[in-house]
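Understanding the architecture of this molecule
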Amino acid sequence: MSIVVTVRIPNVNIEKVREVAETHKELHAKLRESLKRNGCISHRRLYNENEILDIDEWESEDGLRAFLTEMGPTIRELASLRGTGTPEDKIWQVY
């Protein structure tokens, strides 16, 4: 059974996020490859004036955990480069 994960990232300067995405394309490529390899079905990023909300559907919670273990250092590096706040995540069961 699939799961949905929401990740709220507070204290965002969206222009800084875009700048980091442009200057660190290799980090984003690693993330995309790992998302796919570990069973991410879909990934959607929403934003407003000062926060981001990621909505990801995963084949399983095990796949999500494998992704987070593998990419934790990269995620932390991107957060540091962006100057974003600590993400808040929730796992939702699909029924």
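Analysis parameters
Residues numbered from 1 in each chain as written. Predicted model: local features only at pLDDT ≥ 70, side-chain atom pairs only at ≥ 80, totals over all residues. Heavy atoms only, no water. Buried < 20%, exposed > 50% of the residue type's maximum accessible area, 1.4 Å probe, protein only. Helix = DSSP H or I, 4+ residues; strand = E, 2+ residues; numbered from the N terminus. Pairing = 2+ DSSP bridges. Core = buried A, V, L, I, M, F, W, Y, C linked by side-chain atoms within 4.5 Å. Contact = heavy atoms within 4.5 Å. Axes fitted to C-alpha atoms, helices over the stretch in contact; angles between N-to-C directions. Parallel < 35°, antiparallel > 145°, perpendicular 65-115°, else oblique. Left-handed = near helix turned anticlockwise from the far one by under 90°. Nonpolar A, V, L, I, M, F, W, Y, C, P; charged D, E, K, R; others polar. Salt bridge = Lys/Arg side-chain N within 4 Å of Asp/Glu carboxyl O.

**Considerations on the pairing of strand S1 (residues 3-9)**
- For S1, a buried count of 5 out of 7 residues is recorded, marking the element as mostly surrounded by other parts of the structure.
- Of the strand pairs in this sheet, S1 and strand S3 (residues 52-58) are connected by 7 bridges, and their pairing is antiparallel. The residue bridging Val5 from the neighbouring strand is Asp56, located in S3.
- The sheet contact formed by S1 and strand S4 (residues 88-93) spans 6 bridges and is antiparallel. Following the sheet pairing, Val5 is matched in S4 by Ile91.

**Concerning the nonpolar core**
- The biggest cluster of nonpolar side chains holds 18 residues, and the ones touching the most others in it are Val5, Val12, Ile52, Trp58 and Phe67.
- Counting only elements with at least two residues in this core, the list comes to S1, helix H1 (14-23), helix H2 (25-37), S3 and helix H3 (61-82).
- What Phe67 contacts, discounting residues up to four positions off in sequence, is Leu31, Ser34, Leu35, Asn38, Trp58, Gly72 and Ile75.

**A closer look at the packing of H1 against H3**
- Here H1 crosses H3 at 125°, and the two axes come no closer than 9 Å. As the angle between them shows, H1 and H3 are arranged oblique. When you trace H1 past H3, the crossing you get is right-handed. Contact with H1, carried on its side by Lys16, Val17 and Val20, involves Leu78, Leu81 and Arg82 of H3 and no other residues of that element.
- In the contact of H1 with H3, the residues fall into 4 nonpolar, no polar and 2 charged.

**Brief notes about unusual backbone geometry**
- With a phi close to 55°, Asn11 is a non-glycine residue in the positive phi region.
- As for its position among the elements, Asn11 is in the loop between S1 and H1.
- Since its relative accessible area comes to 56%, Asn11 is described here as exposed.

**Notes on the pattern of salt bridges**
- For the structure on display, the rule yields 8 salt bridges.
- The salt bridge partner of Lys16 is Glu19, with a shortest N-O separation of 3.7 Å. Taken as a pair, Lys16 and Glu19 lie in helix H1 at a separation of 3 residues, close to a single helical turn.
- Notably, a salt bridge pairs Glu70 with Arg37, separated by 2.1 Å at the nearest N-O pair. Of the two residues, Glu70 is situated in helix H3 and Arg37 in helix H2; the sequence distance between them amounts to 33 residues.
- For Arg37, a relative accessible area of 51% translates into the label exposed.
- Ionic contacts of the salt-bridge type, sharing partners, join the residues Arg8, Glu51 and Glu88 into one network.

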